[in-house]
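Architecture at a glance
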Amino acid sequence: MRNTPHPHNRLPRRDFLKQASLSALAGTMLAGGASESASVQAGETKKEKSAGGYQLGAFTKSFQDMPIPEVCKAFKSIGLDGLDLTVRPKGHILPENAEQELPQACTAAKEAGVKILFLTTMIEEPDKNAERILATAQEQGIDRIKIGYYRYKPFGTLAQQLKETTKKIGNVAKLCQKYEILPCVHVHSNAFLPSHGTQLYQLIQDYSPQEVGAYVDMLHMVKEGSGDGWRQGLDLLAPWISLCAVKNFAWERGEGRDKKGHQKWEVKTVPVADGISPIPEYVDVLRKLGYEGIFSLHSEYKGRHSWKELSTQECLAQTAVDAKYFRSLWS
């Protein structure tokens with residue numbers, strides 16, 4: 001961990017207030033000879049952490065053909081701590097159904113012995129669906145979400161687009177503060193804002209980690225910055241890191257060549273231990289930064305972007321393999 005904490009490396013508002021209310025008790029414990037670190041990762045208490053000092057869940061996108069109670073039981077059976085639950089159009093829960101179905105999902109998770117770690121949404125601006133999701137999430141004790149995506153459009157206007165996107169993120173953050181929920185911005189390669197870690201830093205550097213979180217990604221950050229760009233991005237984002245996606249990729253020779261004779265290449269999602277992204281090095285950097293938060297396995301092994309078309313049960317089996325490998329890096 002860094003010797004000097006970053007000035008923004010503070011707890012979100014809800015946990016800051018909890019921390020303040022426990023200060024007297026902490027003092028009593030220290031006076032009695034018992035001591036425990038008062039610094040925990042954003043939105044997470046020591047009681048909530050898994051034995052490894054972090055929580056490992058899985059993205060439910062590849063499991064949306066299963067009812068949520070079955071997903072909860074399946075994730076528990078392979079040793080996961082919880083769900084990265086899709087609450088978005090074409091998601092496990094549609095935004096308009098959040099008030100009714102999200103509490104049911106949380107009950108199912110509790111009964112199965114897991115939890116809803118966070119929600120993956122498509123909230124890009126304040127609107128009725130955003131209010132509906134956030135209000136229900138707050139009622140259920142969910143303290144962070146992944147927000148939606150902002151696209152990079154006409155070439156030659158990036159500087160202005162970054163300014164506009166920063167404002168849009170701020171508008172979402174203001175709404176989220178009303179519900180004491182941390183909005184996390186995901187790094188996604190290709191024509192997205194942000195497409196890499198340094199760009200995410202540009203977008204959120206004027207917001208404190210209580211207002212906006214960084215959702216870093218082991219695939220997308222390495223795809224856009226395979227040499228050392230991913231590491232430099234983590235360095236800049238350290239105080240804001242609140243979520244981390246675990247996945248890997250490989251380049252495959254595509255079919256044929258383009259009209260100018262250049263060979264086509266495609267990115268394929270592959271098992272975590274098999275790809276280009278240096279997962280062990282990525283983990284080591286997060287350790288140095290003191291990150292002990294939530295990780296989400298993205299078992300996106302269906303469709304044309306996967307190295308192999310897997311069934312839902314095969315996805316679950318591969319997720320178990322990925323989880324075992326990832327946990328071995330923290331042992």
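Below or above, wherever it landed, is the structure these notes cover. (Residues numbered from 1 in each chain as written. Predicted model: local features only at pLDDT ≥ 70, side-chain atom pairs only at ≥ 80, totals over all residues. Heavy atoms only, no water.)

1. Let's talk about the overall build of the chain
Short version of the rule: For the purposes of this entry, the term helix denotes a DSSP run of H or I that reaches at least four residues, the term strand denotes a run of E that reaches at least two, and both are numbered from the N terminus. Classification of residues uses two cut-offs on accessible area relative to the type maximum, computed with a 1.4 Å probe and protein chains only: under 20% is buried, over 50% is exposed, and between them is partly exposed. Contacts: residue pairs with any heavy atoms within 4.5 Å of one another. Surface exposure here means Shrake-Rupley accessible area, sampled with a 1.4 Å probe, where a residue is shielded only by the protein chains that are shown.
Each helix and strand in the chain was counted, giving 11 helices and 12 strands. Sorting the 331 residues of the chain into buried and exposed places 51% on the buried side. Across the chain, contacts joining residues at least 24 apart in sequence account for 76% of those joining residues at least 6 apart. With the model as given, the accessible surface of the chain reaches about 16,100 Å², and the carbon-plus-sulfur share is 51%.

2. Comments concerning a nonpolar patch on the surface
To keep it simple, the criterion reads: Nonpolar side chains (Val, Leu, Ile, Met, Phe, Trp, Tyr) are joined into patches within 5 Å and like charges within 9 Å, using only residues with over 30% relative accessible area and no salt bridge. What makes a salt bridge here is a side-chain nitrogen of Lys or Arg within 4 Å of a carboxyl oxygen of Asp or Glu, nothing more.
There is a patch of nonpolar side chains on the surface, built from W251, W265 and I276 and spanning about 330 Å² of accessible area. Note that W251 resides in strand β10 (residues 248-257).

3. Here's the deal with the sheet that holds strand β3 (residues 115-120)
Spelled out, the test is: The criterion for strand pairing is that DSSP finds at least two bridges linking the strands in question. Interaxial angle, 0 to 180 degrees, is taken between N-to-C directions of lines fitted to C-alpha atoms, where a helix line uses only the stretch in contact.
Here 8 strands make up a closed barrel; going around it, the order is β1-β2-β3-β4-β6-β8-β9-β12 and the pairing parallel. Recorded for the sheet is a direction-independent mean angle of 30 degrees between the axes of neighbouring strands. Relative to strand β6 (residues 182-186), strand β4 (residues 144-146) runs parallel, the two being bridged by 3 bridges. Considered in β6, the bridge of I145 is made with P183. Most of the contacts of helix α4 (residues 98-112) go to β3, to which it runs at about 145 degrees, and overall it touches β2 (82-86) and β3.

4. Points about unusual backbone geometry
For the peptide bond that leads from L193 to P194, omega is 5 degrees, which places it in the cis range. Of note, the phi angle at E180 is positive, near 55 degrees, even though the residue is not glycine. Taking the relative accessible area as the measure of exposure, E180 reaches 30% and is therefore partly exposed.

5. Let's talk about the layout of surface pockets
Counted only if it meets this: Buried and open spaces are told apart on a 1 Å grid over the protein atoms alone, a cavity being a set of points where a 1.4 Å probe fits but cannot get out and a pocket being an open set with protein on both sides within 12 Å along at least five of seven lines. Residues with an atom within 4 Å of a point are the lining residues. Grid points are joined across faces, edges and corners, and a volume is the space filled by probe spheres set on the points. Each residue is assigned to one class: nonpolar for Ala, Val, Leu, Ile, Met, Phe, Trp, Tyr, Cys and Pro, charged for Asp, Glu, Lys and Arg, and polar for all the others, Gly among them.
Approximately 1,000 Å³ is the volume attributed to the largest pocket. As for the largest pocket, its lining consists of 33 residues, of which K61, H188, H220, E300 and H305 are closest to the centre. Where the lining of the largest pocket is concerned, the elements lending two or more residues are α8 (220-224) and β11 (263-270). In terms of residue class, the lining of the largest pocket is made up of 10 nonpolar, 11 polar and 12 charged.

6. Description of the nonpolar core
The test is simple: Only buried Ala, Val, Leu, Ile, Met, Phe, Trp, Tyr and Cys residues count toward a nonpolar core, and they belong to the same one when joined by side-chain atoms within 4.5 Å.
Judged by nonpolar contacts, the single largest core of 91 residues is most densely connected at F295 and F326. Not counting residues within four places of it along the chain, the set of residues in contact with F295 comprises Y54, Q55, L56, G57, M218, C244, V246, L286, F326 and W330.

7. Structural notes on the packing of aromatic side chains
The line we're drawing: Between the rings of Phe, Tyr and Trp (Trp by its six-membered ring), a pair exists once the centres lie within 6.5 Å; its type follows the angle of the planes, with under 30 degrees stacked, over 60 edge-to-face, and the other angles tilted.
Per the stated rule, a full pass over the model turns up 14 aromatic pairs. Between Y54 and W330, the ring centres sit 5.1 Å apart and the planes meet at 40 degrees, which makes this aromatic pair tilted. Taken together, the positions of Y54 in the loop between α2 (23-31) and β1 (55-59) and W330 in the segment after α11 (312-328) put the pair 276 residues apart, joining distant regions of the chain. With respect to class, Y54 is no different from W330; both count as buried. Between F249 and W251 the ring centres are 6.5 Å apart and the planes differ by 80 degrees, which places this aromatic pair in the edge-to-face class. Take F249: its relative accessible area is 1%, and that puts it in the buried class. An aromatic cluster is defined as three or more aromatic residues linked by ring pairs; in this entry it consists of Y54, Y291, F295, F326 and W330.

8. Remarks on the pattern of salt bridges
Throughout the structure, instances matching the rule amount to 11 salt bridges. Of the charged contacts in the structure, one is a salt bridge between K61 and E300, with a shortest N-O distance of 3.7 Å. Of this pair, K61 sits in the loop between β1 and α3 (68-77) while E300 sits in the loop between β12 (294-297) and α11; the two residues are 239 residues apart in sequence, bridging distant segments of the chain. Exposure remark for E300: the relative accessible area of 21% places this residue in the partly exposed category. We note a salt bridge from E131 to K178, for which the minimum N-O separation is 3.5 Å. Residue E131 is found in helix α5 (residues 128-139), and its partner K178 is found in helix α6 (residues 158-178); the two are separated by 47 residues along the sequence. You can call K178 exposed: its relative accessible area is 53%. Taken together, the shared-partner salt bridges connect K61, D217, K247 and E300 into one network.

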